[in-house]
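# Working through the structure, step by step
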Amino acid sequence: QEEKEKFEKTIIDILTKRSNVQRQQICITYKKLYHKDLLEELKNCLNGDFQDAVEALVTDPVLFDVQLLHRALYELLTIDGELLAEIICSRTNVQLMAIQEKYAEVYGNPKDVADNGQPLSLFKAISKVFMESKLMSDRENAVEFVRRVLVDAYHREWSPKMSPAERDEHTHWDERLARSDAGELYGAGEFKWGTDEGGFINVLFQQNVTFAQLRATFDAYERLYTKKITDVVNEEFSGVLKELISTYIECIISRQEFYANQMYEAMRGIGTDDDRLIRCVVARCEVRRFKRNLIKQCFSQTNY
């Protein structure tokens, strides 16, 4: 038992103190030196949730997301809307581009691209699963939402290549437009009998409307109609579409808070949702603002 604990501590010390790029280089070097796959070697030595956590840390992050998406779509009797939403709605535009390219490489057709070069395999896979599902009540709007996220939403966040002036434009908003869009959201949701899902989605994906502008719209909605936009979504939508829109809005408001809430929910009550906790820690462990002591605290509350 003592040797096992020492071995596991060594693994933790090495893997958690390296970046993902460094962990990938360790895997490459290990194979050159010992002619063996490090990940397979670790899987043979470990088990349970600790094995899952180590595997997630050692796997290329883009490939890890692609594997999660494939699991969300195909490995259960029903679509795992929560997992699907977590991946496609919480990742940055740069990450989404990489995910779509990797998905086409692993599960799809790399030659299946749009006119602008956008890989289409992931979108087509999600669309097919949605449209063939007998349990989804709003397939068309869910497909349209995914299309907007994967294909259209590249203008919403800062690009590393933007000049300071362009970045400044992306952090300002128009208060009049915010109030107007808040009214559009109210008209598509609470104001009417039933919900205009398409109208709601259109407000979220207006051309040239940044995340900063949408945050101003959500604030305006709460001031004008005395209800948080997240509560409105929970009341007006259901099923996979609710998971998608709710996660998207939460991440627009604050990715940090979204992941903090995910980790809290994973650890709340009796037992731990280890899969969710591992995903969150691995997804955020290299984000500087996501403090290391929070990650350590989360791992200390899990049993492996």
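Residues numbered from 1 in each chain as written. Predicted model: local features only at pLDDT ≥ 70, side-chain atom pairs only at ≥ 80, totals over all residues. Heavy atoms only, no water.

Each helix and strand in the protein was counted, giving 18 helices and zero strands. Each of the 304 residues in the protein was classed as buried or not, and the buried ones make up 43%. Sequence-distant contacts in the protein: of pairs separated by 6 or more residues, those separated by 24 or more amount to 65%. For the protein, the exposed area adds up to about 17,100 Å²; of that, 50% sits on carbon and sulfur atoms. (Helix = DSSP H or I, 4+ residues; strand = E, 2+ residues; numbered from the N terminus. Buried < 20%, exposed > 50% of the residue type's maximum accessible area, 1.4 Å probe, protein only. Contact = heavy atoms within 4.5 Å. Areas by Shrake-Rupley, 256 points an atom, 1.4 Å probe, with all protein chains shown as cover.)

Before going further, it helps to spend a moment on the nonpolar core. Grouped together as the largest cluster of nonpolar side chains are 73 residues, with contacts concentrated most on F130, F145, L150, F200 and I245. Aside from chain neighbours lying at most four places away, what touches F200 is L185, A188, I229, V232, V233, F237, I245 and I249. In this structure, Y259, M263, A266 and M267 belong to the second largest nonpolar core, which totals nine residues. (Core = buried A, V, L, I, M, F, W, Y, C linked by side-chain atoms within 4.5 Å.)

Applying the stated criterion to the full structure yields 18 salt bridges. In this structure, E55 and K43 form a salt bridge, with 3.9 Å as the shortest nitrogen-oxygen distance. One end of the pair, E55, is in helix 4 (residues 48-58); the other, K43, is in helix 3 (residues 38-45), and twelve residues separate them in sequence. Given a relative accessible area of 24%, E55 falls into the partly exposed group. (Salt bridge = Lys/Arg side-chain N within 4 Å of Asp/Glu carboxyl O.)

Time to look at the packing of helix 16 (residues 255-267) against helix 17 (residues 274-284). Orientation of helix 16 relative to helix 17, taken along the N-to-C sense of each, is 150°, at an axis distance of 8 Å. Relative to helix 17, the element helix 16 lies roughly antiparallel. Of the two elements, helix 16 crosses helix 17, and the hand of that crossing is left-handed. Taken together, the residues of helix 17 that come into contact with helix 16 (itself represented by R255, Q256, Y259, Q262, M263, E265, A266 and M267) are R276, L277, C280, V281, A283 and R284. Of the residues in the contact of helix 16 with helix 17, the class split is eight nonpolar, two polar and four charged. (Axes fitted to C-alpha atoms, helices over the stretch in contact; angles between N-to-C directions. Parallel < 35°, antiparallel > 145°, perpendicular 65-115°, else oblique. Left-handed = near helix turned anticlockwise from the far one by under 90°. Nonpolar A, V, L, I, M, F, W, Y, C, P; charged D, E, K, R; others polar.)

Quick look at the packing of aromatic side chains now. For the coordinates displayed, the defined rule picks out twelve aromatic pairs. Both rings, one in Y186 and one in Y225, keep their centres 4.1 Å apart while their planes meet at 0°; by these two values the pair is stacked. Remark: Y225 occurs in helix 13 (residues 211-225) and Y186 occurs in helix 11 (residues 175-188); sequence separation between them is 39 residues. By relative accessible area, which is 25% here, Y186 ends up partly exposed. A residue is classified by how much of its surface remains accessible, and Y225, at 25% relative accessible area, is partly exposed. Pairing F200 with F237 gives two aromatic rings, centres 5.1 Å apart and planes at 75°, and the pair type is edge-to-face. Within this pair, whereas F200 is found in helix 12 (residues 197-204), its partner F237 is found in the loop between helix 14 (229-236) and helix 15 (239-253), the two being separated by 37 residues in sequence. Looking at F237, the relative accessible area reads 6%, which means it is buried. Here the aromatic cluster, defined as three or more aromatic residues joined through ring pairs, consists of F145, F205, F211 and Y248. (Phe/Tyr/Trp six-rings, centres within 6.5 Å; stacked < 30°, edge-to-face > 60°.)

Structurally, S121 can be placed in helix 8 (residues 121-132). Take S121: its relative accessible area is 9%, and that puts it in the buried class. Not counting residues up to four positions away in its chain, the partners in contact with S121 are Y103, A104, G108, N109 and D112.

Structural measurements only, silent on function.
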